[in-house]
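Residue-level structure breakdown
Each chain is listed here by its residues.
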Amino acid sequence: MSDRKTRTERIRDELADEIARGHLGPGAALDEVSLAERFGVSRTPIREAIRQLEAFGFADARPRRGAVVATITDARLDEMFLVMAEMEGLCSRFAATNMTADDHAGLLEIHEGSRLAAEAHDVERYYEFNTRFHAAIYTGTHNSFLEELTLHVRRRVAPYRRAQFRVSGRLDLSYKEHDAVVQAILRGDGDGAQAAMNAHLKIVRGAVSDIAAP
(Lines give C-alpha, C1' and ligand atoms only; values in the text may rest on other atoms or scores of the structure.)
Protein backbone atom coordinates (compact mmCIF):
# COMPACT_ATOMS: atom_id res chain seq x y z
CA MET A 1 0.00 0.00 0.00
CA SER A 2 1.39 3.38 -0.99
CA ASP A 3 1.61 6.11 1.63
CA ARG A 4 2.06 8.76 -1.03
CA LYS A 5 -0.59 11.10 -2.29
CA THR A 6 -0.31 13.69 -4.99
CA ARG A 7 -0.59 17.33 -4.01
CA THR A 8 -3.99 17.42 -5.66
CA GLU A 9 -5.23 14.43 -3.64
CA ARG A 10 -3.97 15.91 -0.37
CA ILE A 11 -5.65 19.23 -1.08
CA ARG A 12 -8.86 17.55 -2.24
CA ASP A 13 -9.01 15.35 0.86
CA GLU A 14 -8.37 18.23 3.24
CA LEU A 15 -11.03 20.40 1.64
CA ALA A 16 -13.49 17.50 1.49
CA ASP A 17 -12.85 16.80 5.17
CA GLU A 18 -13.57 20.43 6.05
CA ILE A 19 -16.77 20.35 4.01
CA ALA A 20 -17.92 17.06 5.54
CA ARG A 21 -17.27 18.39 9.05
CA GLY A 22 -19.09 21.64 8.33
CA HIS A 23 -16.01 23.85 8.60
CA LEU A 24 -16.62 24.99 5.03
CA GLY A 25 -20.34 25.64 4.78
CA PRO A 26 -22.69 25.59 1.78
CA GLY A 27 -22.07 28.49 -0.56
CA ALA A 28 -18.53 29.16 0.69
CA ALA A 29 -16.32 30.27 -2.19
CA LEU A 30 -13.51 27.97 -3.28
CA ASP A 31 -11.24 30.71 -4.53
CA GLU A 32 -8.27 29.37 -6.46
CA VAL A 33 -5.96 32.25 -5.58
CA SER A 34 -6.54 32.19 -1.82
CA LEU A 35 -6.40 28.38 -1.72
CA ALA A 36 -3.15 28.36 -3.69
CA GLU A 37 -1.68 30.76 -1.11
CA ARG A 38 -2.99 28.67 1.77
CA PHE A 39 -1.52 25.41 0.49
CA GLY A 40 1.63 26.96 -0.96
CA VAL A 41 1.07 25.61 -4.46
CA SER A 42 0.25 26.92 -7.91
CA ARG A 43 -3.34 27.23 -9.05
CA THR A 44 -3.09 24.07 -11.19
CA PRO A 45 -3.44 21.45 -8.39
CA ILE A 46 -6.07 23.67 -6.74
CA ARG A 47 -8.09 23.75 -9.94
CA GLU A 48 -7.89 19.97 -10.31
CA ALA A 49 -8.81 19.41 -6.65
CA ILE A 50 -11.90 21.59 -7.11
CA ARG A 51 -12.85 19.64 -10.25
CA GLN A 52 -12.66 16.43 -8.25
CA LEU A 53 -14.81 17.94 -5.50
CA GLU A 54 -17.35 18.86 -8.16
CA ALA A 55 -17.31 15.24 -9.38
CA PHE A 56 -18.02 14.11 -5.79
CA GLY A 57 -20.92 16.55 -5.62
CA PHE A 58 -19.13 18.56 -2.94
CA ALA A 59 -18.74 21.72 -5.02
CA ASP A 60 -20.82 23.55 -7.60
CA ALA A 61 -19.19 25.29 -10.55
CA ARG A 62 -20.39 28.81 -11.37
CA PRO A 63 -19.46 30.09 -14.84
CA ARG A 64 -16.97 32.97 -14.62
CA ARG A 65 -17.45 33.21 -10.84
CA GLY A 66 -15.59 30.15 -9.56
CA ALA A 67 -16.83 27.20 -7.53
CA VAL A 68 -18.64 27.19 -4.20
CA VAL A 69 -19.32 24.49 -1.61
CA ALA A 70 -22.44 22.55 -2.57
CA THR A 71 -25.51 22.30 -0.36
CA ILE A 72 -25.96 18.71 0.82
CA THR A 73 -28.98 18.32 3.06
CA ASP A 74 -29.45 15.70 5.77
CA ALA A 75 -32.23 14.20 3.66
CA ARG A 76 -29.84 13.89 0.72
CA LEU A 77 -27.23 12.24 2.94
CA ASP A 78 -29.85 9.81 4.21
CA GLU A 79 -30.65 8.86 0.61
CA MET A 80 -26.99 8.44 -0.28
CA PHE A 81 -26.19 6.25 2.72
CA LEU A 82 -29.32 4.17 2.25
CA VAL A 83 -28.23 3.31 -1.28
CA MET A 84 -24.65 2.76 -0.12
CA ALA A 85 -25.79 0.38 2.63
CA GLU A 86 -27.95 -1.64 0.26
CA MET A 87 -25.23 -1.96 -2.35
CA GLU A 88 -22.50 -2.86 0.13
CA GLY A 89 -24.87 -5.28 1.83
CA LEU A 90 -25.48 -6.99 -1.51
CA CYS A 91 -21.73 -7.10 -2.14
CA SER A 92 -21.22 -8.76 1.24
CA ARG A 93 -23.90 -11.33 0.49
CA PHE A 94 -22.27 -12.25 -2.82
CA ALA A 95 -18.79 -12.22 -1.29
CA ALA A 96 -19.91 -14.75 1.33
CA THR A 97 -20.69 -17.28 -1.38
CA ASN A 98 -18.27 -16.29 -4.14
CA MET A 99 -14.97 -15.51 -2.40
CA THR A 100 -12.15 -17.96 -2.97
CA ALA A 101 -9.59 -19.14 -0.41
CA ASP A 102 -7.15 -16.57 -1.80
CA ASP A 103 -9.82 -13.87 -1.45
CA HIS A 104 -10.30 -14.88 2.19
CA ALA A 105 -6.57 -14.68 2.84
CA GLY A 106 -6.37 -11.21 1.31
CA LEU A 107 -9.37 -9.98 3.29
CA LEU A 108 -7.92 -11.29 6.55
CA GLU A 109 -4.58 -9.62 5.85
CA ILE A 110 -6.30 -6.27 5.34
CA HIS A 111 -8.47 -6.83 8.41
CA GLU A 112 -5.38 -7.44 10.53
CA GLY A 113 -3.80 -4.25 9.20
CA SER A 114 -6.96 -2.41 10.22
CA ARG A 115 -6.69 -3.82 13.74
CA LEU A 116 -3.12 -2.61 14.13
CA ALA A 117 -4.00 0.84 12.80
CA ALA A 118 -6.96 1.08 15.19
CA GLU A 119 -4.80 0.07 18.14
CA ALA A 120 -2.30 2.77 17.16
CA HIS A 121 -5.14 5.32 16.81
CA ASP A 122 -3.75 6.11 13.35
CA VAL A 123 -6.73 7.62 11.53
CA GLU A 124 -5.03 8.05 8.16
CA ARG A 125 -3.61 4.53 8.19
CA TYR A 126 -6.93 3.07 9.27
CA TYR A 127 -8.77 4.90 6.51
CA GLU A 128 -6.39 3.44 3.93
CA PHE A 129 -7.05 -0.08 5.23
CA ASN A 130 -10.77 0.69 5.45
CA THR A 131 -10.83 1.61 1.76
CA ARG A 132 -8.97 -1.60 0.88
CA PHE A 133 -11.28 -3.65 3.10
CA HIS A 134 -14.44 -2.55 1.36
CA ALA A 135 -12.81 -2.78 -2.07
CA ALA A 136 -11.80 -6.38 -1.33
CA ILE A 137 -15.43 -7.22 -0.60
CA TYR A 138 -16.57 -5.58 -3.83
CA THR A 139 -13.97 -7.58 -5.77
CA GLY A 140 -14.90 -10.71 -3.84
CA THR A 141 -18.38 -10.65 -5.36
CA HIS A 142 -16.79 -11.70 -8.66
CA ASN A 143 -19.45 -9.55 -10.28
CA SER A 144 -17.63 -6.77 -12.09
CA PHE A 145 -20.77 -4.76 -12.83
CA LEU A 146 -21.82 -4.68 -9.17
CA GLU A 147 -18.25 -3.80 -8.18
CA GLU A 148 -18.20 -0.90 -10.65
CA LEU A 149 -21.53 0.52 -9.51
CA THR A 150 -20.66 0.23 -5.82
CA LEU A 151 -17.32 1.97 -6.31
CA HIS A 152 -19.11 4.81 -8.11
CA VAL A 153 -21.53 5.32 -5.21
CA ARG A 154 -18.73 5.02 -2.66
CA ARG A 155 -16.83 7.91 -4.28
CA ARG A 156 -19.79 10.17 -3.61
CA VAL A 157 -19.81 9.47 0.12
CA ALA A 158 -16.08 8.78 0.62
CA PRO A 159 -15.25 12.16 2.23
CA TYR A 160 -17.97 11.61 4.84
CA ARG A 161 -16.77 8.10 5.54
CA ARG A 162 -13.26 9.44 6.00
CA ALA A 163 -14.33 12.30 8.29
CA GLN A 164 -16.36 10.06 10.63
CA PHE A 165 -13.17 8.43 11.89
CA ARG A 166 -12.56 11.66 13.83
CA VAL A 167 -15.32 10.64 16.25
CA SER A 168 -13.79 9.47 19.52
CA GLY A 169 -13.53 5.68 19.72
CA ARG A 170 -14.73 5.23 16.15
CA LEU A 171 -11.69 3.26 14.93
CA ASP A 172 -12.14 0.47 17.48
CA LEU A 173 -15.87 0.27 16.84
CA SER A 174 -15.39 0.27 13.08
CA TYR A 175 -12.97 -2.64 13.38
CA LYS A 176 -15.49 -4.62 15.44
CA GLU A 177 -18.22 -3.88 12.88
CA HIS A 178 -15.89 -5.07 10.13
CA ASP A 179 -15.15 -8.21 12.11
CA ALA A 180 -18.83 -9.15 12.13
CA VAL A 181 -18.85 -8.87 8.34
CA VAL A 182 -15.63 -10.87 7.99
CA GLN A 183 -16.79 -13.71 10.21
CA ALA A 184 -20.06 -14.02 8.29
CA ILE A 185 -18.20 -14.06 4.96
CA LEU A 186 -15.75 -16.71 6.19
CA ARG A 187 -18.57 -19.03 7.25
CA GLY A 188 -20.41 -18.47 3.97
CA ASP A 189 -23.36 -16.78 5.64
CA GLY A 190 -24.78 -14.45 3.00
CA ASP A 191 -27.71 -13.28 5.14
CA GLY A 192 -25.42 -12.58 8.09
CA ALA A 193 -22.85 -10.74 5.99
CA GLN A 194 -25.51 -8.55 4.41
CA ALA A 195 -27.11 -7.75 7.76
CA ALA A 196 -23.73 -6.96 9.35
CA MET A 197 -22.77 -4.62 6.53
CA ASN A 198 -26.13 -2.88 6.58
CA ALA A 199 -25.75 -2.34 10.32
CA HIS A 200 -22.21 -1.03 9.82
CA LEU A 201 -23.30 1.58 7.27
CA LYS A 202 -26.19 2.66 9.49
CA ILE A 203 -23.68 3.35 12.28
CA VAL A 204 -21.40 5.20 9.85
CA ARG A 205 -24.30 7.45 8.91
CA GLY A 206 -24.86 8.25 12.57
CA ALA A 207 -21.17 9.00 13.07
CA VAL A 208 -21.28 11.40 10.10
CA SER A 209 -23.97 13.37 11.91
CA ASP A 210 -21.77 13.45 15.02
CA ILE A 211 -18.81 15.06 13.22
CA ALA A 212 -20.78 17.78 11.44
CA ALA A 213 -20.29 21.19 13.02
CA PRO A 214 -23.48 22.92 14.25
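Before going into details, it helps to say that this report is about the structure given with it. As the structure is a computational prediction, the values presented were derived from the model and not from experiment.

With the rule as written, the count across this model stands at four aromatic pairs. Aromatic pair Phe-58 and Tyr-160: ring centres 5.1 Å apart, planes at 50°, arrangement tilted. Pair noted here: Phe-58 is in the loop between helix 3 (43–56) and strand 2 (59–62) and Tyr-160 is in helix 7 (residues 144–163), with a separation of 102 residues, a long-range link. Here the two residues Phe-58 and Tyr-160 agree in accessibility, since each one is buried. Counting every residue linked through ring pairs, the aromatic cluster contains Phe-56, Phe-58 and Tyr-160.

Unusually for a residue other than glycine, His-121 sits at a positive phi of about 55°. Along the chain, His-121 falls in the loop between helix 5 (101–119) and helix 6 (123–140). In the Ramachandran plot, His-142 falls in the positive-phi region, its phi being about 55° despite a non-glycine side chain.

What follows covers the pattern of salt bridges. Summed over all chains, the structure comprises 18 salt bridges. Two residues, Glu-88 and Arg-161, come together in a salt bridge whose shortest N-O distance is 2.7 Å. Taken together, the residues Glu-88 in helix 4 (residues 74–98) and Arg-161 in helix 7 connect sequence positions 73 residues apart. Relative accessible area serves as the criterion here: at 1%, Arg-161 is assigned to the buried category.

This next bit is on helix 8 (residues 170–186). Spanning 17 residues, helix 8 covers 24 Å between terminal C-alpha atoms, matching the ideal 24 Å at 1.5 Å per step. Buried positions along helix 8 lie against helix 4, helix 5, helix 6 and helix 9 (190–211). Just beyond helix 8, the residue with positive phi is Gly-188, at close to 75°.

Quick look at the packing of helix 4 against helix 9 now. Packed helices, taken two at a time, are described by the angle their axes make and the gap between the axes. Across the interface, helix 4 lies against helix 9 with an axial gap of 8 Å and an inter-helix angle of 155°. Taken together, the axes of helix 4 and helix 9 are roughly antiparallel relative to one another. For helix 4 against helix 9, the interelement crossing comes out right-handed. Of the residues contributing to the contact of helix 4 with helix 9, the split by class is eleven nonpolar, five polar and seven charged.

Secondary-structure assignment places Gln-52 in helix 3. When the C-alpha atoms of Gln-52 and Ala-16 are compared, they prove to be 9.8 Å apart, with 36 residues separating the residues in sequence. Among all residues touching Gln-52, those that are not within four sequence positions of it are Thr-8 and Arg-12.

As a further point, take the pairing of strand 2. Each regular strand carries side chains that alternate between the two faces of the sheet. As paired strands, strand 2 and strand 3 (residues 66–69) are joined by four bridges and run antiparallel to one another. When the bridges of strand 3 are listed, Asp-60 appears paired with Val-68. Where strand 2 hands over to strand 3, the hairpin turn is made up of three residues, of which Arg-64 adopts a positive phi near 65°.

Analysis parameters
- Residues numbered from 1 in each chain as written.
- Predicted model: local features only at pLDDT ≥ 70, side-chain atom pairs only at ≥ 80, totals over all residues.
- Heavy atoms only, no water.
- Phe/Tyr/Trp six-rings, centres within 6.5 Å; stacked < 30°, edge-to-face > 60°.
- Helix = DSSP H or I, 4+ residues; strand = E, 2+ residues; numbered from the N terminus.
- Buried < 20%, exposed > 50% of the residue type's maximum accessible area, 1.4 Å probe, protein only.
- Salt bridge = Lys/Arg side-chain N within 4 Å of Asp/Glu carboxyl O.
- Expected span 1.5 Å × (residues − 1).
- Contact = heavy atoms within 4.5 Å.
- Axes fitted to C-alpha atoms, helices over the stretch in contact; angles between N-to-C directions.
- Parallel < 35°, antiparallel > 145°, perpendicular 65-115°, else oblique.
- Left-handed = near helix turned anticlockwise from the far one by under 90°.
- Nonpolar A, V, L, I, M, F, W, Y, C, P; charged D, E, K, R; others polar.
- Pairing = 2+ DSSP bridges.

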